[in-house]
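Commentary on secondary and tertiary structure
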Amino acid sequence: MAVPHSLRALRSRNFRLYYAGQAGSMIGTWVQSLALMWLAYRLSGSTWFTGLVGFLNSAPYLVLSPFAGVLGDRLDRRRILITVLALLFLQSVVLAILSGFGAITLWQLASLALFAGVANSFETPTRQSFFVQLLDDRDDLPNAIALNSVLMNGARLVGPSLGGLVVAAWGETACFALNAVSYLAVLAALRVARPVRPSPPRAPSPPLADLADGWRYAMGFVPIRRMLLLLATLSITIGPYSTLMPAIAVKTFGEGARLVGLFIGAVGLGAVVAAVGLARRPSVRGLAKWIAASAILAGLGAIGFCFSRSVPLSAALMALSGFGMFMTAASCNTIVQSVVDEDKRGRVMSYYTMFFIGSLPIGHLAAGAIAERIGAPLTFLAGGVACTLAGIAFAARLDTFREHLRPAYIRRGIIPPTGEPPQ
């Protein structure tokens, strides 16, 4: 199949089928995410409870993602994905039924958020390590990662905006039903798509030993360790924006779900710009310098958002934060997946998920509690300052980061033995 160079991963039929199915599912997930947060705030009127829902939806990543990585390196990742997505489909159906009959309570909402968090803690790291197996040409891996980021962040752009409109027109129930239908698309794609290269065979070993081996591998390699710690900081400081948005829309701007969708969609717009830029890159070389710069941009966007009282300016600042946050995350993802050993990919990506997404519950709880005391705008300020300082600290040690990364690039053939160090 003839495709532009910036879309070269789509030449692989199996990746193309899976990508199309994921597109519908991702949009549905973000539609439901906005509806869930809006429903939590509407029922409770509390940023603390909204933060609790965000915490329960993310906390399982912190505990369960490493075990998902062990499973992904041992079992058929495609079967794991089908099972977990079927469970998420059922969760959306239950949400739609309870919401539609007006019978949903706060504890039910919190329980269903926790259920989704448990399922997603297995789905995300498995998905991150699975789509690599669908590529006909392994050289297309950086492009596939970038296209995956385009998909996730394009959904982040379209989904919340669509969710805000649907909530305003038909209520939260329609969002939950829409998400349930969207899962059918990716389940159908997974039934058809087949991995081009199976996971390499591994000798039997105790699961806890596998877990420890993956941890030593990830944390023993300086570039991966630094990237994971920066991603955790980014998630805790900037990631809880969705928890704070209902309060910002209502108390700062006197608006409703539509404005929540606009601001969260603006984050997605910035993220899409970052992902498209990555998709156009010919290789992973040169990404190191973007990690620190992007983290600083994410922090500056949050700081500016604290002081803005203009809807267009606030949306632009959230787009800047979105660009910075997801340029950092996608750059780290691309570097990690480019250098990791194949037999440890599932476990390393599970730690990536644990640090990036698993840190979110800490941020959600902290942001919700802090916002109750000092207000949502000042909470954005505190997070922005902390994120900016973390980006500056990463930049100050960029030379040693490149020095440790260079041998891995040489082993993978990314740069020649006498080539320049990663930039």
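Refer to the preceding data block for the structure.
Calculation notes
- Residues numbered from 1 in each chain as written.
- Predicted model: local features only at pLDDT ≥ 70, side-chain atom pairs only at ≥ 80, totals over all residues.
- Heavy atoms only, no water.
- Helix = DSSP H or I, 4+ residues; strand = E, 2+ residues; numbered from the N terminus.
- Rg over C-alpha atoms; globule rule 2.2 N^0.38 Å.
- Buried < 20%, exposed > 50% of the residue type's maximum accessible area, 1.4 Å probe, protein only.
- Contact = heavy atoms within 4.5 Å.
- Lys, Arg positive; Asp, Glu negative; His and termini not counted.
- Charge placed at Lys NZ, Arg CZ, Asp CG, Glu CD.
- Salt bridge = Lys/Arg side-chain N within 4 Å of Asp/Glu carboxyl O.
- Axes fitted to C-alpha atoms, helices over the stretch in contact; angles between N-to-C directions.
- Left-handed = near helix turned anticlockwise from the far one by under 90°.
- Nonpolar A, V, L, I, M, F, W, Y, C, P; charged D, E, K, R; others polar.
- Core = buried A, V, L, I, M, F, W, Y, C linked by side-chain atoms within 4.5 Å.
- Expected span 1.5 Å × (residues − 1).
- Patch = residues over 30% accessible without salt bridge, like charges linked within 9 Å, V, L, I, M, F, W, Y side chains within 5 Å.
- Areas by Shrake-Rupley, 256 points an atom, 1.4 Å probe, with all protein chains shown as cover.
- Phe/Tyr/Trp six-rings, centres within 6.5 Å; stacked < 30°, edge-to-face > 60°.
- Bend = angle between axes of the 7 residues up to and from the residue.
- Disulfide = S-S within 2.5 Å.

1. Structural notes on the overall build of the chain
- Regarding its fold elements, the chain presents 16 helices and zero strands.
- Against the compact-globule benchmark of 22 Å for 423 residues, the chain has a radius of gyration of 20 Å, which places it among compact chains.
- Dimensions of the chain along its principal axes, counting C-alpha atoms only, are 60 × 45 × 45 Å.
- The buried share of the chain, reckoned over its 423 residues, is 58%.
- Looking at the chain alone, contacts between residues at least 24 apart form 85% of all its contacts between residues at least 6 apart.
- Between the centroid of the 35 positive side chains of the chain and the centroid of its 18 negative side chains there is a distance of 2 Å.

2. So, the pattern of salt bridges
- Tallied over the full model, the rule gives four salt bridges.
- Between E123 and R127 there is a salt bridge, with the nearest N and O atoms lying 2.7 Å from each other. Here E123 and its partner R127 are both found in helix α4 (residues 106–130), four residues apart, which amounts to about one turn of the helix. Each member of the pair, E123 as well as R127, carries the same accessibility label: buried.
- D213 serves as the salt-bridge partner of R347, at 3.5 Å between the closest nitrogen and oxygen. Of this pair, R347 sits in helix α13 (residues 345–356) while D213 is found in helix α7 (residues 207–220), placing the two residues 134 residues apart along the sequence.

3. Some remarks on the packing of helix α9 (residues 241–252) against helix α10 (residues 257–279)
- Direction vectors running N to C along α9 and α10 enclose 145 degrees, while the axes themselves pass 9 Å from each other. Our pair here, α9 against α10, has a crossing hand that is right-handed. Side by side, α9 and α10 meet where Y241, S242, M245, P246, I248 and A249 of the first sit next to L259, V260, F263, I264 and V267 of the second.
- Residue classes in the contact of α9 with α10 are distributed as ten nonpolar, one polar and no charged.

4. Thoughts on the nonpolar core
- By size, the foremost hydrophobic cluster in this structure holds 135 residues, and its most contacted members are F15 and F380.
- A total of 14 residues in this core trace back to one element, the largest contributor, which is helix α12 (residues 311–339).
- If we ignore the near neighbours within four places in the chain, the residues touching F380 are Y241, L244, M245, I248, A302, F305, C306 and M318.

5. Observations regarding helix α6 (residues 172–192)
- Across its 21 residues, α6 extends 32 Å between first and last C-alpha, which sits within 8% of the 30 Å expected from 1.5 Å per residue.
- E172, C175, F176, N179, A180, S182, Y183, V186, L187, A189 and L190 are the residues of α6 that are buried.

6. Structural notes on a nonpolar patch on the surface
- Judged by side-chain polarity, L62, V63, I236 and I362 come together as a nonpolar surface patch covering roughly 310 Å² of accessible area.
- Mapped onto the fold, L62 is located in helix α2 (residues 47–74).
- Overall, the relative accessible area of 36% leaves L62 in the partly exposed class.

7. Details of the packing of aromatic side chains
- For the structure shown, the criterion picks out ten aromatic pairs.
- Members of the aromatic cluster, connected to one another through ring pairs, are F253, F263, F305 and F380.

8. Overview of α4
- For α4, spanning 25 residues, the distance from its first C-alpha to its last is 35 Å, which sits close to the expected 36 Å at 1.5 Å a residue.
- At N120, α4 shows its largest kink, close to 30 degrees.
- Within α4, 18 of the 25 residues are buried, which leaves the element mostly enclosed by the surrounding structure.

9. A closer look at the state of the cysteines
- Considering all chains together, one arrives at zero disulfides under this definition.
- For the unlinked cysteine C306, the closest cysteine sulfur is that of C387, found at 15 Å.
- Here C387 stays free of any disulfide, with the sulfur of C332 as its closest cysteine sulfur at 12 Å.

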